[in-house]
Amino acid sequence: MKHAILATWRTSPLRFCSAAVVALAVLPITATAVEPGATRGTQQAYWALTERLALALPGGKAGVSAILAPALAGSGNRYRIDPMLGARDVQISTSADGRVASIAFALDGPCIPFSAVRTRYPQILVLGVPHGASDQEWHLLGTQVGDAIIEYGFPASGLHCMKRTRIMPARAVKMSP
């Protein structure tokens, strides 16, 4: 009788359901611990910077430089967005006529997830999708602010952590019909 009860417990659907509930309850905790999320204040600082740059973009390099240059001087192309979040490898590209063609940078610090972008900008543009899971492929999503497009880059592995940003004139972005 003892062996019959033990055999029933080992194959019981209740046991499998219990294990599944425990696994699902623990999964969000472990995922959060791996990639810390940006606080609301950090996200607000990021939105403020990117929107200021987007609005300054049509005015030319002087407007963009006025925002970035003081913080970039002597910093090795790093810009501190807030105490926790930074922009690294900041690149300002200009066109042949001297206008700003794009501003691009990678993010350092806590993650800004796609859900935060979607909350901030409910009307999101899909600018590019990965065709595989390569480190070289990106989910590219964007929004228009003034006469500029802010592009948010997420690795092909998922939308949980924004890794790069690019701001460019809206006229330069090719949209699919």
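Heads up: the structure comes first, above all this text.
Residues numbered from 1 in each chain as written. Predicted model: local features only at pLDDT ≥ 70, side-chain atom pairs only at ≥ 80, totals over all residues. Heavy atoms only, no water.

Visitor: Looking at this model, I keep getting lost on the sheet that holds strand E6 (residues 148-155). Mind explaining?
Guide: Two strands in a sheet stick together by hydrogen bonds in their backbones, pointing the same way (parallel) or opposite ways (antiparallel). Read across the open sheet, the seven strands follow the order E1-E2-E3-E7-E6-E5-E4; overall the sheet is antiparallel. Of all strands in the sheet, those bounded by a partner on one side alone are strand E1 (79-80) and strand E4 (125-128). As paired elements, E4 and strand E5 (residues 138-145) share three bridges and run antiparallel to each other. When the bridges of E5 are listed, Val126 appears paired with Leu141. Packing of helix H3 (residues 40-56) onto the sheet brings it into contact with E1, strand E3 (100-108), E5, E6 and strand E7 (164-169), and relative to E6 it is tilted by some 135 degrees. (Pairing = 2+ DSSP bridges. Helix = DSSP H or I, 4+ residues; strand = E, 2+ residues; numbered from the N terminus. Contact = heavy atoms within 4.5 Å. Axes fitted to C-alpha atoms, helices over the stretch in contact; angles between N-to-C directions.)

Visitor: Whenever I open this one, the pattern of salt bridges confuses me. Can you help?
Guide: Once the charged atoms of two side chains with opposite charge are near each other, the side chains can pair. A complete count under the given rule lists four salt bridges for this structure. For the salt bridge of Glu51 with Arg120, the shortest nitrogen-to-oxygen distance reads 2.9 Å. Residue Glu51 is located in helix H3, and its partner Arg120 is located in helix H5 (residues 114-120); the two are separated by 69 residues in the primary sequence. Residue Glu51 is classed as buried on the basis of its relative accessible area, which comes to 18%. Owing to a relative accessible area of 33%, Arg120 belongs among the partly exposed residues under this scheme. (Salt bridge = Lys/Arg side-chain N within 4 Å of Asp/Glu carboxyl O. Buried < 20%, exposed > 50% of the residue type's maximum accessible area, 1.4 Å probe, protein only.)

Visitor: Teacher, can you tell me more about the environment of Ala170 here?
Guide: With respect to the secondary-structure elements, Ala170 resides in the segment after E7. Judged by relative accessible area, which is 23%, Ala170 ranks as partly exposed. Sequence-wise, Ala170 and Ala54 are 116 residues apart; in three dimensions their C-alpha atoms are separated by 9.8 Å. Every residue in contact with Ala170, bar those within four places of it in the chain, is listed here: Gln144, Asp147, Ala148 and Ile149.

Visitor: Explanation requested: the state of the cysteines in the structure shown.
Guide: Taken as a whole and assessed by the stated rule, the structure comprises one disulfide. Through a disulfide, Cys111 is tied to Cys161; the S-S separation comes to 2.1 Å. On the S-S bond that ties Cys111 to Cys161, the torsion sits near -80 degrees, and the link is left-handed. Here Cys161 lies in the loop between E6 and E7 and Cys111 lies in the loop between E3 and H5, a separation of 50 residues in the sequence. Its relative accessible area of 2% is what places Cys161 among the buried residues. (Disulfide = S-S within 2.5 Å.)

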